[in-house]
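Overview (structure and organization)
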Amino acid sequence: MTTDDAPQTAPSSQRSRISTRVGAIAPSATLAVDATAKELKAAGRPVIGFGAGEPDFPTPAHIVEAAIEAAPEPANHRYSPGAGQPALRQAIADSVSETSQLPVEPAQVLVTNGGKQAVYQTFATLLDPGDEVLLPAPYWTTYPEAIRLAGAREVAVLAGSDQGYLPTIEQLEAARTDATRAVVICSPSNPTGAVMTAEQIGELGRWAHRNGLWVITDEIYQHLTYDGVPFVSVLSQVPELAETTVVLGGVAKTFAMTGWRVGWMVGPQDVIAAASNLQSHLTSNVNNIAQHAAIAALTGPMDAVEEMRTAFDRRRRTIVEKLSAVSGFTVPTPTGAFYVFPDVTGALGREIRGRRVETSTDLATVVLEEAEVAAVPGEAFGAPGHLRFSYALNDADLAEGIDRVASLLAE
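Below, the structure is looked at part by part. This structure is a prediction, so every number in the text was calculated from the model and none was measured.

Cut-offs applied
- Residues take numbers from 1 onward in each chain, read along the sequence in its written order.
- The predicted origin of the model limits local features to residues at a pLDDT of at least 70 and limits the giving and counting of side-chain atom pairs to 80 or more, whereas totals for whole chains, interfaces and linings rest on all residues.
- For side-chain calculations, the full set of non-hydrogen atoms in the structure is used, while hydrogens and water are omitted.
- Working definition: a ring pair exists when centres of Phe, Tyr or Trp rings (six-membered ring for Trp) sit within 6.5 Å. Plane angles under 30 degrees give stacked, over 60 give edge-to-face, the rest tilted.
- Numbering of helices and strands starts at the N terminus; helices are DSSP runs of H or I of at least 4 residues and strands are runs of E of at least 2.
- Three labels apply to residues, based on accessible area from a 1.4 Å probe with only protein chains included: buried if under 20% of the type maximum, exposed if over 50%, partly exposed otherwise in between.
- Note on geometry: axes are C-alpha line fits, over the in-contact stretch for helices, and angles between N-to-C directions span 0 to 180 degrees.
- Take the far helix as the reference: if the near one is turned anticlockwise from it by less than a right angle, the crossing is left-handed, and if turned clockwise, right-handed.
- Working rule for contacts: check all heavy atoms of both residues, and any pair within 4.5 Å makes them a contact.
- Gly falls in the polar group here, along with every residue not listed as nonpolar (Ala, Val, Leu, Ile, Met, Phe, Trp, Tyr, Cys, Pro) or charged (Asp, Glu, Lys, Arg).
- Counting of polar contacts relies on pairs of N or O atoms within 3.5 Å, with two restrictions inside protein: one atom must be capable of donating a hydrogen and the other of accepting it, and residues adjacent in sequence are counted only when both atoms are side-chain atoms.
- By nonpolar core is meant a set of buried Ala, Val, Leu, Ile, Met, Phe, Trp, Tyr and Cys residues that side-chain atoms within 4.5 Å join together.
- Two strands form a pair only when DSSP identifies at least two bridges running between them.

Some words on the packing of aromatic side chains
- For the structure shown, the criterion picks out 9 aromatic pairs.
- Judged by centre distance (5.5 Å) and plane angle (80°), the rings of Tyr165 and Phe341 are edge-to-face. Taken together, the positions of Tyr165 in the loop between β4 (153-158) and α7 (169-175) and Phe341 in the loop between β9 (339-340) and β10 (350-352) put the pair 176 residues apart, joining distant regions of the chain. As far as the burial class goes, Tyr165 and Phe341 line up, both buried.
- Members of the aromatic cluster, joined through ring pairs, are Phe57, Tyr221, Phe312, Phe338 and Tyr339.

Thoughts on the packing of helix α5 (residues 115-126) against helix α6 (residues 142-149)
- Viewed as axis vectors pointing N to C, α5 and α6 meet at an angle of 35°, and their least axial separation amounts to 8 Å. Considering how the two elements wind past one another, α5 and α6 form a crossing that is right-handed. When α5 is examined against α6, the residues Lys116, Val119, Tyr120 and Phe123 are found in contact with a partner set consisting of Thr142, Tyr143, Ala146, Ile147 and Leu149.
- When grouped by side-chain class, the residues that make up the contact of α5 with α6 number 7 nonpolar, 1 polar and 1 charged.

Looking at the side chain of Thr112
- Topologically, Thr112 is positioned in strand β2 (residues 109-112).
- We classify Thr112 as buried; its relative accessible area is 0%.
- Reaching out from Thr112, the side chain makes a polar contact with the backbone oxygen of Gly114 at a distance of 2.8 Å.
- Residues in contact with Thr112, not counting those within four places in the same chain, are Gln117, Ala118, Gln121, Arg261, Val262, Gly263, Trp264, Gln279 and Val286.

Looking at the side chain of His386
- Its location among the elements puts His386 in the loop between β13 (376-377) and β14 (387-390).
- Among the polar contacts listed, one links the side chain of His386 to the side chain of Tyr165, at a separation of 3.3 Å.
- Every residue in contact with His386, bar those within four places of it in the chain, is listed here: Tyr165, Phe341, Pro342, Asp343, Val344, Ser360, Val376, Pro377 and Gly378.

Overview of the nonpolar core
- Among the nonpolar cores identified, the biggest contains 89 residues, and Phe50, Ile319, Leu323, Phe329, Leu363 and Phe389 are the most heavily contacted of them.
- Those residues in contact with Leu363, other than ones at most four positions away along the chain, are Phe329, Val344, Ala347, Leu348, Ile352, Val357, Leu387 and Leu409.
- Grouped together as the second largest cluster of nonpolar side chains are 28 residues, Leu110, Leu135, Tyr143 and Ala146 included.

Quick look at the pairing of β14
- The alternating pattern of β14 places Leu387 and Phe389 on one face and Arg388 and Ser390 on the opposite face, and all of these are buried.
- One ladder, built from 2 bridges, connects β9 with β14; its direction is antiparallel. Counted as the bridge partner of Val340 is Phe389 from β14.
- Across 2 bridges, β13 lies against β14 in antiparallel orientation. Among the inter-strand pairings, Pro377 is bridged to a residue of β14, identified as Leu387.

Below you can see the structure in the form of C-alpha cells.
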C-alpha cells in the first residue's frame, strides 16, 4: 500500500477523547435531579426532592436478615453462576409463571445487576443497527438510550393526558414500518403511573403478534396498583407471544431494595442464553449476598409490601388533590407505581418572579430555585409540557413541597 492509499484518519489530538457512541448518551435526568436536590440539601437549603423513584422505607427486616445470614458463608465469597443462583432463578421463574399463567423454567431467567442492566442487555441481544423500536411516550428515560446503544432507533408514540397516557393501536400501527423490530410495554408506567387494562394490553399483544414484533414488557411495578385496578401481564392475555416476549423485573421498587441491585430478564431460552453470554463478559454474577436477599423477598411474607403500598396509596391521593389545585396544572389520577405526571402547559408562557417560563424544563428550574422543590421535567420522558413528581417520600415533606409549588405559581 502506498502512502496515498493509506487510510486517512484524523490525528489523535483532533479527535474527541470520548467515543461517539458513549458521548451521545444523555445522563439520567431523574438521577441528575435527585443528585442536585441532595447537593442543595447538603449545602443547607431545605430542598424537598420529588425526583427519584426510590421508596423511602427500609428494606423489610426478613430480607435484611437473609443477607446477614448469607454474608459469613464462604460460598458467597466466590464466583457463582453468571446467570444467577439456581434458587433465585427458580423463585423468579415461579413469580413470572404466576403472573403470566404460563410455565416458566429457570433456564429462561437471567439475574442482572438491577433493572437497568436487564433493559440494556435485552435491547443489545435483540436489536441490530437499523432496527426500530416503538416506544410509547411518556417513557422511562433509560429506554431510548439503551436502544441507541444497540445501534437501533426509538420511535416515540406520544399519548397525552387526554388519553390517560396510553397509546392506541391506531397510533402504534401508524408508526410501524418494515424496520420495526419490537414494542415496549411499561405497565404500571414510569413516569405516568398509568395501568393498562386486560383489554388494552390484550389488544396490544395480539397486534404485536400479528405483525411479528418482539414485546419487551417492564413489569417492575406490578405489585403497586391502586383503586382495585389489577396488574395484568401481556402473556396472560396473549400466550402465543411466549416465544417473542421478554419480561423485565426486579426487587427494587416492590421491596424497597433500590440499592441492592437485583433485576432480571425472562424470555425464550435462546435469548436468555445469548444475554447470559453477554453478561459473562460484562459483569459476571450479581452480588451473592444481594441474591440471597432477593430470594427472601420473592419467597417470604408480603405484609411489609402491603404496608408500603397502603402508604403510597395515601400519598397518591394527597398529591393528586394538592396538584389539582395548582394553577395551570391538569392532573390525571395514576393507578399504579408511585408517580404523578401533571400536564403543566397551562402554567407556561408567563413570568414567575421576573423569569420567563416557556417550557417544562424552565418551570422545573424555577420551582427548584425559587420554591426549593425538585421535580423532573417532561422533556426527559419524551413529553414536554409535563412534570414528574414521585410520591415515594414521607407525608409531611410531600404536603410541604406541593404547597410551596402552589404558592409560587399563585403569585
